[in-house]
Each structure stands twice: as C-alpha cells, then as structure tokens.
Amino acid sequence: MNEVTETKRGKDEAAMVYVSAGSFLMGSETGNADERPQREVTLDAFWIDKYCVTNAQYRAFLEETEAFPPPPSFTRDDFVGPEQPIVSISWEEANAYAKWVGKRLPTEAEWEKAARGTDGRKYPWGEEEPSHARAVYASTEMDISRPSNVSDFEESASPYNCVQMAGNVFEWVADWFDGFYYQTGPAENPKGLEKPTFEVAMAKVPVFAVPGGGNLSLGEVKRGERYEILLRDEDSYKIRFGNTEGWLPRRAGYAWTAKVARGCGWDYIEDSLRCSAREGFEPWYKNFNIGFRCAVDA
C-alpha cells in the first residue's frame, strides 16, 4: 500500500492526494486493443483531486466567471445535489474550470496511476470483481438513474485514496484519444498527441480541395491511414494530405477528434470499470455520465 498524503489546494479548496514519482504498469494485455501493449510508464510526482468536482464547486465557477451557460444537468432535480459530481459539461468547460482554480486536467497516464497504484491491479480496490457495494454502474441487478455523491464508496478508493475512480462518472483528462498511442508513446511522462489525428475506417474517402466537397478532388484516403487534423468547421475536417492540404466531409465512417475520458459512468456496464479501460468523446460532447477531477504539478 502506498503512503497517502492529503492536502487542500487551489481556489476550490478541494482535497487532493499526492502521487509520488516513479513507474507503474499502464494498459492491459487482456483488455481492448487500445489498451495494448501493457507497458511500464514513469511519471513525475503530482497531486490529484481526491473526489470529482461537485455541482457546488462548478456552480461557484459559473457564478464568478459567467464563462458558460448552466449545464443541461442543472435543469434536472435529481442531478443538482451539491455533493453530486458535475456532469453534462464539455471538455472545454472542464478545462476552463481547472484553469480557474489554478490546476489542470490530469494526463491519461496520471489518471491511471492514481486509479491503480503500482501493482498493476485491475480495479482501484484490487482484483475482486465489481459489485454495487463497490461502485455505481449499470446492470440488471439494480436500477441506477443518477450519480451518487462524490464521497460515497470511500471503502473502494484507489491505493492513493482517490474515490470513485471506477463508476459513477467518466472523467475528462487532458489527452487527445489515439487507439494506437500505447504502441508508440513515450515511456516517461506521456501526454498524448500534440494534435488530434484522423484515422480512416471506411474503404476509401475522397479528399477535396475545398470545404464541403465539390468537383475539386485531390484523391482518396484509405482504411487505416491516419492524417493530422489542421482545423475543423461545422461540416468538414481540414487535413494534411501528402504534401498539400485538403478537406474531408464530417460523416460516419471514420474516427472522430476525441478527448480521452476514463473511469465509467453510472449508466455504463462494468466492462468500463477496469483501471485500464479507455473511452473517447469529442471535446464539445456533453453527457450525463461525464464529469472530471483536477490535478496539479508537485
């Protein structure tokens, strides 16, 4: 068991736990393809919130800054408890809150180390299979209709004493999602891609010289090929295509520009409870299952 040190830091005075520098096992050889290969990753020390950001904390941010409109969850009586986690906010809103309190979103690697410690455990509490006594998730055994308070299930905390790192809500982290990143990412302080990439899932997709398509085609990208995304508008992606730049229509059939979310939401099944499980959502996406916690350098 790791030695746990706690403090309160940041404008929100949230309880934070200390995660010491060193290596841990990241990923899984038995999980999904995007979790492989399992590898040893070394991180600098950092602090991370013991609990997810609450409705009360996020409401204070909105009242002071008026930076964003109230999230959709604030219209639901069963989602606005002051100690429930804030949900239905985009990655941009979570990132803005973190900056407001003098913190940042954790990297994907930091989040996983805080969740599983250094012994490579499958779940924050160990190897025992999930139950509703340990976490909030969807199953046929219990009707779950909303997230619980952030301090519930303290007995299922991670080795670093982070609470609800499995279940209740997914948590936005800093990284762009890349299903192949574990194959090529650095072994020391990985931070994900600097820019999002585009991975083609269809047999082939035409690339146009102008946004929205038309007759000015530059060629085709094929399944499995990956390209840097330069910018995005309502209907198209601008990508680097060979030695030039081109536009792809935004439609089903190829990968999206996702930010990573970790943890598992209350309305998702137990497969996402594993510490190594990964999910990605577009940064403007809002869902009643997605919240966040903050981190700060040690």
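Everything below is about the structure shown above.
The text that follows walks through the structure, step by step, so that each part is easy to find.

What follows deals with the overall build of the protein. In terms of helices and strands, the protein carries 4 helices and 16 strands. Radius of gyration (C-alpha) of the protein: 20 Å, near the 19 Å computed for a compact globule of 298 residues. Expressed as lengths along the three principal axes of its C-alpha atoms, the size of the protein is roughly 60 × 40 × 40 Å. Looking at the protein alone, contacts between residues at least 24 apart form 68% of all its contacts between residues at least 6 apart. In the protein, which carries 34 positive and 49 negative side-chain charges, the distance between the mean positions of the two groups comes to 4 Å.

Further remarks concern the sheet that holds strand β15 (residues 290-292). Strand order in this open sheet of 4 strands is β14-β13-β6-β15, and the pairing throughout is mixed. Looking at strand neighbours, the two that pair on one side only are β14 (279-281) and β15, the edges of this open sheet. Averaged over all pairs of adjacent strands, the angle between their axes in this sheet comes to 50°, without regard to strand direction. Here strand β13 (residues 259-262) pairs with β14 via 3 bridges, running antiparallel. Residue V260 lies in a different strand from β14, and its bridge partner there is G280.

Moving on to the pattern of salt bridges. Applying the stated rule across the entire model yields 20 salt bridges. In this structure, K122 and E129 form a salt bridge, with 3.7 Å as the shortest nitrogen-oxygen distance. Under the relative-accessibility criterion, K122 is labelled partly exposed at 32%. Through salt bridges with shared partners, one network takes in E108, E112, R116, R262 and R278.

The strand order across the open sheet formed by 4 strands is β1-β2-β5-β16, and the pairing between neighbours is antiparallel. The open sheet terminates on both sides in strands that have one partner only, identified here as β1 (6-9) and β16 (295-297). Within this sheet the neighbouring strands show an average axis-to-axis angle of 35°, counted without direction. Taken together, the 4 bridges between β1 and strand β2 (residues 14-19) define a ladder with antiparallel strand orientation. Pairing of E6 across the sheet is with V17, part of β2.

With that settled, the discussion passes to empty space enclosed by the protein. All chains considered together, the criterion is met by 1 cavity of 30 Å³ or more. In this structure, the largest cavity encloses a volume near 50 Å³. Together, W125, R134, A135, V136, F153, S156, Q164, M165, A166, G167 and N168 line the largest cavity. Residue classes in the lining of the largest cavity are distributed as 6 nonpolar, 4 polar and 1 charged.

Let's shift gears to the layout of surface pockets. Roughly 200 Å³ of volume is contained in the largest pocket. Looking at the largest pocket, it is lined by 14 residues, and the ones nearest its centre are R104, T107, E110, K191 and D297. For the lining of the largest pocket, the residue count by class is 6 nonpolar, 3 polar and 5 charged. In this structure, the second largest pocket spans a volume of roughly 170 Å³. A14, A15, Y51, T54 and Q57 are the residues nearest the centre of the second largest pocket, which is lined by 14 residues in total. Taken together, the residues of the lining of the second largest pocket break down into 6 nonpolar, 3 polar and 5 charged.

Moving on: the environment of A258. Position of A258 relative to the elements: it lies in the loop between β12 (244-249) and β13. Accessibility expressed as a relative area gives 2% for A258, which makes it buried. Measuring from C-alpha to C-alpha, the distance between A258 and S145 comes to 26 Å, with 113 residues separating the pair along the chain. Once residues lying within four places of it in the same chain are set aside, the contact partners of A258 are W176, F177, G280, F281 and E282.

Reading the values: rules and limits
- Residues numbered from 1 in each chain as written.
- Predicted model: local features only at pLDDT ≥ 70, side-chain atom pairs only at ≥ 80, totals over all residues.
- Heavy atoms only, no water.
- Helix = DSSP H or I, 4+ residues; strand = E, 2+ residues; numbered from the N terminus.
- Rg over C-alpha atoms; globule rule 2.2 N^0.38 Å.
- Contact = heavy atoms within 4.5 Å.
- Lys, Arg positive; Asp, Glu negative; His and termini not counted.
- Charge placed at Lys NZ, Arg CZ, Asp CG, Glu CD.
- Pairing = 2+ DSSP bridges.
- Axes fitted to C-alpha atoms, helices over the stretch in contact; angles between N-to-C directions.
- Salt bridge = Lys/Arg side-chain N within 4 Å of Asp/Glu carboxyl O.
- Buried < 20%, exposed > 50% of the residue type's maximum accessible area, 1.4 Å probe, protein only.
- 1 Å grid on protein atoms, 1.4 Å probe; cavity = no way out; pocket = protein on both sides within 12 Å on 5 of 7 lines; lining within 4 Å.
- Points joined across faces, edges and corners; volume = space filled by probe spheres on them.
- Nonpolar A, V, L, I, M, F, W, Y, C, P; charged D, E, K, R; others polar.

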